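Coordinate inspection notes
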Amino acid sequence: MRDEVDELTEAWARVRPDLDLAPVAVFSRITRLARHLDLARRKAFTRHRIESWEFDVLAALRRAGAPYELSPGRLIRETLVTSGTMTNRVDRLAARGYVERYPDPADRRGVIVRLTAEGKAAVDAAFEELLAAEADLLADLSDRDRAELAGLLRTLLVPYR
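In what follows, the accompanying structure is described. These numbers were taken from a predicted model, which means no experiment stands behind them. (Residues numbered from 1 in each chain as written. Predicted model: local features only at pLDDT ≥ 70, side-chain atom pairs only at ≥ 80, totals over all residues. Heavy atoms only, no water.)

What to know about the packing of aromatic side chains
Per the counting criterion, the structure on display carries two aromatic pairs. Seen from their ring centres, F45 and F55 are 4.4 Å apart, and the 20° between their planes marks the pair as stacked. Residue F45 is found in helix 2 (residues 22-47), and its partner F55 is found in helix 3 (residues 52-63); the two are separated by 10 residues along the sequence. Looking at F45, the relative accessible area reads 1%, which means it is buried. Over the ring of Y102 we find R114; its NZ or CZ atom is 4.3 Å from the centre of that ring. (Phe/Tyr/Trp six-rings, centres within 6.5 Å; stacked < 30°, edge-to-face > 60°. Helix = DSSP H or I, 4+ residues; strand = E, 2+ residues; numbered from the N terminus. Buried < 20%, exposed > 50% of the residue type's maximum accessible area, 1.4 Å probe, protein only. Lys NZ or Arg CZ within 6 Å of the ring centre and 35° of its normal.)

Thoughts on the nonpolar core
The biggest cluster of nonpolar side chains holds 25 residues, and the ones touching the most others in it are F55, L61 and L75. Every element with two or more residues in this core is listed here: helix 2, helix 3, helix 5 (83-95), strand 3 (107-115) and helix 6 (117-137). By residue number, the principal contributor to this core is helix 3, which donates seven residues. Once residues lying within four places of it in the same chain are set aside, the contact partners of F55 are R41, F45, I50, V123, A126, F127 and L130. (Core = buried A, V, L, I, M, F, W, Y, C linked by side-chain atoms within 4.5 Å. Contact = heavy atoms within 4.5 Å.)

Section: the pattern of salt bridges
Evaluation of the coordinates by the stated rule reveals 16 salt bridges. Linking R16 and D18 is a salt bridge whose minimum nitrogen-to-oxygen distance equals 2.7 Å. Exposure remark for R16: the relative accessible area of 35% places this residue in the partly exposed category. Using a relative accessible area of 55% as the deciding quantity, one classes D18 as exposed. For the salt bridge of R96 with E54, the shortest nitrogen-to-oxygen distance reads 2.8 Å. Placement of the pair is R96 in the loop between helix 5 and strand 2 (99-104) and E54 in helix 3, with a sequence separation of 42 residues. On the basis of relative accessible area, R96 is assigned to the partly exposed category, the value being 37%. (Salt bridge = Lys/Arg side-chain N within 4 Å of Asp/Glu carboxyl O.)

Next comes the structure, spelled out in structure tokens:
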């Protein structure tokens with residue numbers, strides 16, 4: 001079985017036989033898969049009328065468990081955005097009725113962001129569709145191959161924690 005990355009690496013090998021092209025063979029495939037995943041995410045989210053950034057915030061709240069609430073600081077850490085960006089995102093999600101702000105009982109100056117029933121329904125539906133799309137992307141791999149791939153990718157990602 002061959003793909004376009006095989007052609008790419010063979011072309012590089014012809015013009016630069018002095019280089020080890022093993023990283024290109026791995027990361028070019030990861031980059032191409034990331035594009036397919038991005039398209040699948042957009043399609044799943046568009047069907048549920050949410051943006052990727054909205055999903056990221058709603059999913060962080062949903063993963064927190066009942067009552068599905070986090071501080072803005074925790075949301076920032078979960079989604080890797082700046083404070084100003086998170087404020088804007090929470091404002092927009094609140095305007096859509098997906099989240100609500102409450103005073104933080106532990107800090108009179110702080111607030112808590114809580115997922116609403118509408119937000120929970122939106123993130124759950126989008127996540128279910130995303131999982132189906134991701135399963136399709138992995139359909140040609142056995143369960144064992146999926147586990148092995150996940151482990152290998154984990155090994156590459158751990159140093160960036």
